[in-house]
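# Structural overview
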Number of protein chains: 2
Amino acid sequence: MKLLTKNTDYAVRALLTLASLKKDEYLSARQISQRQKVPYQYLRRILQELIKKNLVISREGGGGGFRLKKRPNSIEISGIINIFQGRIQLSDCMFRKKLCHNRSNCVLRNQIQRIESIVASEFSKITIGSLLKDLTKQKGG
Amino acid sequence: MKLLTKNTDYAVRALLTLASLKKDEYLSARQISQRQKVPYQYLRRILQELIKKNLVISREGGGGGFRLKKRPNSIEISGIINIFQGRIQLSDCMFRKKLCHNRSNCVLRNQIQRIESIVASEFSKITIGSLLKDLTKQKGG
DNA sequence: ATTACTGATACTAAAATAGTATCAGTAGGA
DNA sequence: TCCTACTGATACTATTTTAGTATCAGTAAT
Ligand code: FES
Ligand code: FES
């Protein structure tokens, strides 16, 4: 069972790379792809998605590329998961109508949802900013 | 993003059905399949797996079928997830060697693992026994 | 013997994930 | 102006995972 897919992985890495740029500096998809060893075309699609979700901004033409739109600390991993893996949720619903009559106050459902919200909440504590800090701290030590 | 797959879903439902049997009573895969509206052949494979993992016992031949091997309260959902979805884990490892030099004390890795263990721990609080109790309680109310 | 079952395993289908290719358009610079 | 390096958009293929089906051999109750 994997909690994070490649989409999310690559997105996070791209965002981390962008987060280490100087103010108003842009980095091309090609560059990001090479630095992070991420398939170029795949990365491009991911970046498009990140634009749609207002996480990054692009500049077209030569010397163009991408940069962050939001502060690193305000970009939560949970948000990225949401974008690429959809909301964490019980697939449809175990124990369909048959077993579980009054769906609304089904205890299992509640418990699953509680677990899901714990996961979401934990992933929201991790941000691009905090990761970047951790990574640079590590390089130093 | 789904936390539970059909495998797990069906397994849990089968186990719940078996948990409601009388002591030493056996129920056939066909019966379980019909009661729970689960595809027969698929369910059979799942039951085979549950046998291997020592969760159920079978009796061959006419009038045969399956029954639980363990007490319902000792069958944790986390265990079932493990069987059918594998251990919860960070796919391979985001930020391969390149980004993350000393893998052993990588902070992100630690955080992910912490989240994973929370999930596992929460799912281990839910058991076939507790679900059965919840379900019967609900029918009553 | 017939029937209702499990054991084992091979197979196909569908869906999700991962990765590739292509073309149109934009902007910087020789 | 034309070339080049870039993004926007989208269509496509491949791979993997998940879901579901089929088949045959063997067991035991009737
Ligand atoms: S588990 Fe879905 S309604 Fe109860
Ligand atoms: S995230 Fe994998 S070693 Fe750090």
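The coordinates are above.
Bear in mind the structure is a predicted one, so any value in this text is a computation, not a measurement.

## Focus: the packing of aromatic side chains
Given two aromatic rings, their pairing is described by the distance between the two centres and the angle made by the two planes. All names here are of chain A. Within this structure, the stated rule accounts for two aromatic pairs over all chains. Measuring from centroid to centroid gives 5.6 Å for Tyr10 and Tyr42, while their planes differ by 90°, and the two rings are edge-to-face. One end of the pair, Tyr10, is in helix H1 (residues 6–19); the other, Tyr42, is in helix H3 (residues 40–52), with 32 residues separating them in the sequence. Using a relative accessible area of 8% as the deciding quantity, one classes Tyr10 as buried. A relative accessible area of 27% places Tyr42 in the partly exposed class.

## Observations regarding the protein's contact with DNA strand C
Taken together, 27 residues sit near DNA strand C, with Arg45 and Gly61 of chain A together with Gln48, Ser58 and Phe66 of chain B positioned nearest. Near the protein, meaning within 4 Å, the atoms of DNA strand C are sugar or phosphate in a fraction of 55%, with bases accounting for the rest. Here Tyr10 of chain A contributes a side-chain N or O atom positioned 3.0 Å from a phosphate oxygen of DNA strand C. Here a base nitrogen of DNA strand C and a backbone polar atom of Gly62 of chain B are 3.2 Å apart. When residues of the surface near DNA strand C are traced back to their parent elements, those giving at least two are H1 and H3 of chain A together with helix H3 (40–52), strand S1 (56–59) and strand S2 (65–68) of chain B. For the surface near DNA strand C, the leading source of residues is H3 of chain B, giving five residues. Residue composition of the surface near DNA strand C, by class: seven nonpolar, 12 polar and eight charged.

## Re the pattern of salt bridges
Tallied over the full model, the rule gives six salt bridges over all chains. Of the charged contacts in the structure, one is a salt bridge between Glu122 of chain B and Arg114 of chain A, with a shortest N-O distance of 2.9 Å. Here Glu122 of chain B is found in helix H5 (residues 107–125), whereas its partner Arg114 of chain A is found in helix H5 (residues 107–125) on a different chain. A relative accessible area of 8% places Glu122 of chain B in the buried class. A salt bridge links Arg13 of chain B to Asp9 of chain B; its shortest N-O distance comes to 2.7 Å. Taken together, the residues Arg13 of chain B and Asp9 of chain B, both in helix H1 (residues 6–19) and four residues apart, mark about one turn of the helix. The pair Arg13 of chain B / Asp9 of chain B is uniform in exposure class, with both members buried. A network of salt bridges, in which partner residues are shared, links Arg114 of chain A together with Glu122 and Lys125 of chain B.

## Description of the protein's contact with DNA strand D
By nearness alone, 27 residues border DNA strand D, and Gln48, Ser58 and Phe66 of chain A together with Arg45 and Gly61 of chain B come closest of all. Those atoms of DNA strand D that come within 4 Å of the protein belong to sugar or phosphate at a rate of 55%. In this structure, a base nitrogen belonging to DNA strand D sits 3.4 Å away from a side-chain N or O atom of Arg45 of chain A. Elements with a minimum of two residues in the surface near DNA strand D: H3, strand S1 (56–59) and strand S2 (65–68) of chain A together with H1 and H3 of chain B. Among the elements that take part in the surface near DNA strand D, H3 of chain A stands out by supplying five residues, more than any other.

## Remarks on the nonpolar core
Core analysis: the largest hydrophobic core is formed by 77 residues, its most contacted members being Phe123 of chain A together with Phe123 of chain B. Among all residues touching Phe123 of chain A, those that are not within four sequence positions of it are Leu3, Leu4, Glu76, Ile77, Ser78 and Ile81 of chain A together with Ile112 and Ile115 of chain B.

## What to know about the pairing of S2 of chain A
All names here are of chain A. Across four bridges, the pairing between S1 and S2 is antiparallel. Along S2, the bridge assignment pairs Arg59 with Gly65. Here S1 folds back onto S2 in antiparallel fashion, the turn holding five residues, of which Gly61 has a positive phi close to 80°.

## Re the packing of H1 of chain A against H3 of chain A
Residues and elements named next belong to chain A. Relative orientation of the contacting elements H1 and H3 amounts to 75°, with a least axis distance of 10 Å. The angle between the axes of H1 and H3 places the two elements in the roughly perpendicular class. On H3, the residues that touch Asn7, Tyr10, Ala11, Ala14 and Leu15 of H1 are Tyr42, Leu43, Ile46, Leu47 and Leu50. Broken down by class, the residue content of the contact of H1 with H3 amounts to nine nonpolar, one polar and no charged.

## Section: the side chain of Thr127 of chain A
Residues and elements named next belong to chain A. For Thr127, the position within the fold is in the loop between H5 and helix H6 (128–140). What makes Thr127 buried here is its relative accessible area of 8%. For Thr127, the residues in contact, after removing those within four places along its chain, are Pro72, Asn73, Ile75, Glu76 and Ile77.

Conventions used here
- Position numbers for residues start from 1 in each chain and track the written sequence from start to end.
- Throughout, the order in which chains and ligands are written sets their labels, letters from A for the former and numbers from 1 for the latter.
- For a predicted model such as this one, the threshold for reporting local features is a pLDDT of at least 70, and the threshold for listing and counting side-chain atom pairs is 80 or more; totals across whole chains, interfaces and linings nevertheless cover every residue.
- The side-chain figures draw on all heavy atoms in the structure; neither hydrogens nor water molecules are used.
- Any two rings among Phe, Tyr and Trp, with Trp reduced to its six-membered ring, count as a pair given centres within 6.5 Å; such a pair is stacked if its planes are under 30 degrees apart, edge-to-face if over 60, and tilted if neither.
- Under the scheme used here, helices are H or I runs from DSSP no shorter than 4 residues and strands are E runs no shorter than 2 residues, and both carry numbers assigned from the N terminus.
- Classification of residues uses two cut-offs on accessible area relative to the type maximum, computed with a 1.4 Å probe and protein chains only: under 20% is buried, over 50% is exposed, and between them is partly exposed.
- Throughout, the term near means that a residue has one or more heavy atoms lying within 4 Å of the molecule or strand in question.
- Each polar contact in these results corresponds to two N or O atoms within 3.5 Å; when the atoms are within protein, one needs to be able to donate a hydrogen and the other to accept it, and residues that are neighboring in sequence are counted only if both atoms are side-chain atoms.
- Residues are sorted three ways: Asp, Glu, Lys and Arg are charged, Ala, Val, Leu, Ile, Met, Phe, Trp, Tyr, Cys and Pro are nonpolar, and all the rest, Gly among them, are polar.
- Here, a salt bridge means any side-chain nitrogen of Lys or Arg that lies within 4 Å of a carboxyl oxygen of Asp or Glu.
- Residues enter a nonpolar core if they are buried and are Ala, Val, Leu, Ile, Met, Phe, Trp, Tyr or Cys, with the set joined through side-chain atoms within 4.5 Å.
- Residues are treated as being in contact if the distance between any of their heavy atoms lies within 4.5 Å.
- In this description, strands pair whenever DSSP reports at least two bridges between them.
- Structural elements are reduced to axes, namely lines fitted to C-alpha atoms, with helices fitted over the stretch in contact, and the angle between N-to-C directions of any two is expressed from 0 to 180 degrees.
- Reported orientations rely on four angle classes, namely roughly parallel under 35 degrees, roughly antiparallel over 145, roughly perpendicular from 65 to 115, and oblique for the rest.

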